[in-house]
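Examining the three-dimensional arrangement
Below are the chains, spelled out letter by letter.
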Amino acid sequence: MIETGKPQKIAQPAAEQRCINAACAARFDLNARLYVCPHCDGLLDVAVSISPDLDSKELRAIWTSRLESLNSHDRSGVWRYRELLPFAADAPIVTLAEGNTPLYDAPVSAAYCDLDALTLKHQGCNPTGSFKDTGMTTAVTQALILGARTVVCASTGNTAASLAAYAARAKLQCAILVPRGQISHAKLAQSLDYGAAVLELDGNFDEAMRVIRELAEDETIYLVNSINPFRIEGQKTVAVELLQQRAWRVPDHVVVPGGNLGNSSALGKGFKELKELGIIDRLPRLSVVQAEGAAPFAGLFESDSNVLKPIEHPQTLATAIKIGAPVSWQKALRAVVESGGRVLSVSEQEIADAKAIIGRDGVGCEPASATTVAGIKRLVASGVIESDMDVVAVLTGHILKDTDYAINYHQEKLYTHDRAADTAKEERRLAGNYSNPPARVKSTKTAILEGLRRHEQQRDQA
Ligand SMILES: [Zn+2]
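Bear in mind the structure is a predicted one, so any value in this text is a computation, not a measurement.

Focus on the coordination of the zinc ion
Within the protein, the zinc ion binds to Cys19 (SG), Cys24 (SG), Cys37 (SG) and Cys40 (SG); these donor distances fall in the range 2.3 to 2.4 Å. Geometry at the zinc ion is tetrahedral, judged from its four donor atoms and the angles of 94 to 115° they form at the metal. The sequence pattern describing where the donors of the zinc ion fall on their chain is C-x4-C-x12-C-x2-C. You can see Cys24 sitting in the loop between β1 (14-19) and β2 (27-28) and its partner Cys37 sitting in the loop between β2 and β3 (44-49), a full 13 residues away along the chain. Judged by its relative accessible area of 0%, Cys37 is buried.

Take a look at the structure:
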């Protein structure tokens with residue numbers, strides 16, 4: 001890429017790592033190689049102090065001017081907002097032009113939810129097809145700063161694919177630990193092509209997480225799971241890009257899928273920082289939607305407890321959010337509560353139908369993303385969201401991440417476990433309420449026209 005952008009005024013932000021546990025509140029150097037607080041095991045936040053020389057008007061002007069720049073850092077939808085990031089001006093930035101994802105008006109989905117309008121922010125349009133790229137660009141940059149030789153993650157797939165790509169760009173070795181048989185083919189294919197060492201483990205995602213915490217004690221290895229606070233830093237810029245695309249008009253509700261909860265934590269941090277800077281004057285309500293069989297966060301939200309109870313055997317076909325012990329629940333809870341949002345869960349049938357509806361807006365997403373539209377439909381029905389409110393659903397992954405799911409749904413061959421039944425293993429077939437199966441026809445004009453007529457009829461009935 002030709003870099004013609006003129007160097008702009010860069011105010012290097014002062015930053016440090018802080019324990020989020022209020023009773024501890026320990027502070028650490030920005031470049032201390034830590035994953036959790038060494039005193040209390042609490043999660044760490046990166047605290048960035050924005051230069052007081054930059055007021056909100058100036059920041060907006062800088063970010064707007066960068067939309068026309070040809071400089072590769074300005075063209076990244078993450079590094080464009082580098083005044084908010086904890087990196088020096090000479091940081092060895094690893095970028096694939098992440099971010100820059102579209103906002104779509106989605107009238108079919110809006111009608112399905114009983115809303116006047118609905119906007120989809122499609123993070124699946126990132127370089128590796130998921131929202132993870134916005135956090136990986138900053139985490140892998142931090143790995144270079146710390147002098148790591150190997151980056152490692154345990155992942156259900158999207159994190160792995162993203163880390164593998166950014167590691168390849170940074171010329172770092174990438175180790176991916178995945179639960180055997182639990183990832184979609186597309187995500188595995190990506191990691192293999194990007195040259196990562198893919199190590200399949202017996203056991204589930206949470207067990208893989210435990211092993212890599214041990215590995216992270218090695219100084220040449222840098223751990224890049226969603227516990228990594230530098231990923232949250234990159235991902236928080238999605239809030240800024242979303243607002244910039246809306247001319248800084250704050251939506252009433254922003255709804256995201258909930259798995260490991262790094263994404264909700266990051267969005268919450270992004271909106272909060274924008275408010276503190278005076279760039280927006282209120283927070284959108286941030287709501288999180290989980291799949292019924294993997295909903296420990298929704299369980300926490302509905303209970304009187306302050307502590308998340310992990311789910312030992314999470315079950316959902318939305319593999320990207322099939323997580324029983326989400327690491328970032330405290331940060332996510334803070335973000336939801338501060339903004340006045342909700343946490344809820346939806347059934348496998350609701351997810352599958354919502355996904356097909358999103359498709360009818362011409363927008364393809366992976367199953368986990370469709371929890372948003374399913375959740376919004378419920379929140380409208382229960383009166384939490386009013387029909388004329390301004391709502392944004394964040395889609396997190398691309399439809400091509402899981403084509404088996406889509407094909408099975410449309411052919412009415414999508415099976416799930418029936419958790420309501422006594423035997424947890426009993427399978428249940430999901431109804432193809434909005435299915436669109438292929439049809440076999442003779443190769444004559446009459447047969448094709450008849451096939452089209454029938455297709456139209458079937459669609460009208462649905
Ligand atoms: Zn602590």
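Topic: helix α12 (residues 348-360)
The end-to-end C-alpha distance of α12 is 19 Å, a good match for the 18 Å that 13 residues give at a rise of 1.5 Å each. Among all positions in α12, only Glu348, Gln349, Ile351, Ala352, Asp353, Ala354, Lys355, Ala356, Ile357 and Ile358 are buried.

Topic: helix α8 (residues 229-245)
For α8, spanning 17 residues, the distance from its first C-alpha to its last is 26 Å, which sits close to the expected 24 Å at 1.5 Å a residue. Judged by how many residues are buried, α8 sits mostly within the fold: 16 of 17 residues are covered. Between the side-chain oxygen of the N-cap and the backbone nitrogen of Phe230 there are 2.8 Å, and the N-cap of α8 in question is Asn228. Of the residues flanking the end of α8, it is Ala247, one or two places downstream, whose phi is positive at about 55°.

Re the sheet that holds β1
Here we have three strands laid out as an open sheet, ordered β2-β1-β3, and antiparallel in their pairing. Unpaired on one side and paired on the other, β2 and β3 mark the two borders of the sheet. Sitting on the sheet, α8 touches β1 and β3, and the angle it makes with β3 is about 50°.

A few points about the sheet that holds strand β7 (residues 173-179)
If you walk across this open sheet you meet the four strands as β8-β7-β6-β9, and the pairing is parallel. Either end of the sheet is taken by a strand with one partner, and the two such strands are β8 (197-201) and β9 (221-223). For this sheet, the mean angle separating the axes of adjacent strands, direction not counted, is 25°. Examined bridge by bridge, β7 and β8 share five bridges and lie parallel to one another. Bridge pairing in β8 links Val178 to Glu200.

Here's the deal with the pattern of salt bridges
Tallied over the entire structure, the rule returns 21 salt bridges. The shortest N-O distance in the salt bridge between Lys187 and Glu366 comes to 3.0 Å. With Lys187 in helix α6 (residues 185-193) and Glu366 in the loop between α12 and α13 (371-381), the pair connects residues that are 179 residues apart, well separated along the chain. With respect to class, Lys187 is no different from Glu366; both count as buried.

Regarding the environment of Arg210
Here Arg210 shows up in helix α7 (residues 205-215). Spatially, the C-alpha atoms of Arg210 and Ala439 are 47 Å apart, while their sequence positions differ by 229 residues.

Side note on the environment of Pro438
Along the chain, Pro438 falls in the loop between β15 (427-429) and α15 (445-461). When the C-alpha atoms of Pro438 and His455 are compared, they prove to be 9.3 Å apart, with 17 residues separating the residues in sequence.

What about the confidence of the model for the protein chain?
Residues at a pLDDT of 70 or more form 94% of the protein chain, whose mean pLDDT is 91. Confidence drops under pLDDT 50 across residues 1-10; counting only partners more than four residues distant or on other chains, this segment forms 20 contacts.

Structural notes on the pairing of strand β5 (residues 119-122)
Here β5 shows a buried face lined by Thr119 and Lys121 and a second buried face lined by Leu120 and His122. As paired elements, strand β4 (residues 103-105) and β5 share three bridges and run antiparallel to each other. Bridge pairing in β5 places Tyr104 opposite Leu120. Alignment of β5 against strand β13 (residues 391-395), held across four bridges, turns out to be parallel.

A word on the packing of helix α4 (residues 133-145) against α8
Running from amino to carboxyl end, α4 crosses α8 at an angle of 145°, the nearest separation of the two axes being 7 Å. The chirality of how α4 crosses α8 is right-handed. Along its contact with α4, which presents Thr134, Gly135, Met136, Thr138, Ala139 and Gln142, the element α8 presents Phe230, Arg231, Gly234, Gln235 and Val238. Along the lines of polarity and charge, the residues of the contact of α4 with α8 split into four nonpolar, six polar and one charged.

Things to note about unusual backbone geometry
Of note in the backbone geometry, Ala25 takes a positive phi value of approximately 55° without being a glycine. Secondary-structure assignment places Ala25 in the loop between β1 and β2. We classify Ala25 as partly exposed; its relative accessible area is 40%. With a phi close to 55°, Glu412 is a non-glycine residue in the positive phi region. Structurally, Glu412 is set in the loop between α14 (403-410) and β14 (415-417). Here Glu412 falls in the partly exposed class, since its relative accessible area comes to 32%.

What counts and what doesn't
Residues numbered from 1 in each chain as written. Predicted model: local features only at pLDDT ≥ 70, side-chain atom pairs only at ≥ 80, totals over all residues. Heavy atoms only, no water. Donors = N, O, S within 2.8 Å, 3.2 Å for Na, K, Ca; no water. Tetrahedral: all angles 85-135°; square planar, octahedral: opposite > 155°, others 65-115°. Helix = DSSP H or I, 4+ residues; strand = E, 2+ residues; numbered from the N terminus. Buried < 20%, exposed > 50% of the residue type's maximum accessible area, 1.4 Å probe, protein only. Expected span 1.5 Å × (residues − 1). Polar contact = N/O pair within 3.5 Å; in protein donor to acceptor, adjacent residues only side chain to side chain. Pairing = 2+ DSSP bridges. Contact = heavy atoms within 4.5 Å. Axes fitted to C-alpha atoms, helices over the stretch in contact; angles between N-to-C directions. Salt bridge = Lys/Arg side-chain N within 4 Å of Asp/Glu carboxyl O. pLDDT = per-residue confidence, 0-100. Left-handed = near helix turned anticlockwise from the far one by under 90°. Nonpolar A, V, L, I, M, F, W, Y, C, P; charged D, E, K, R; others polar.

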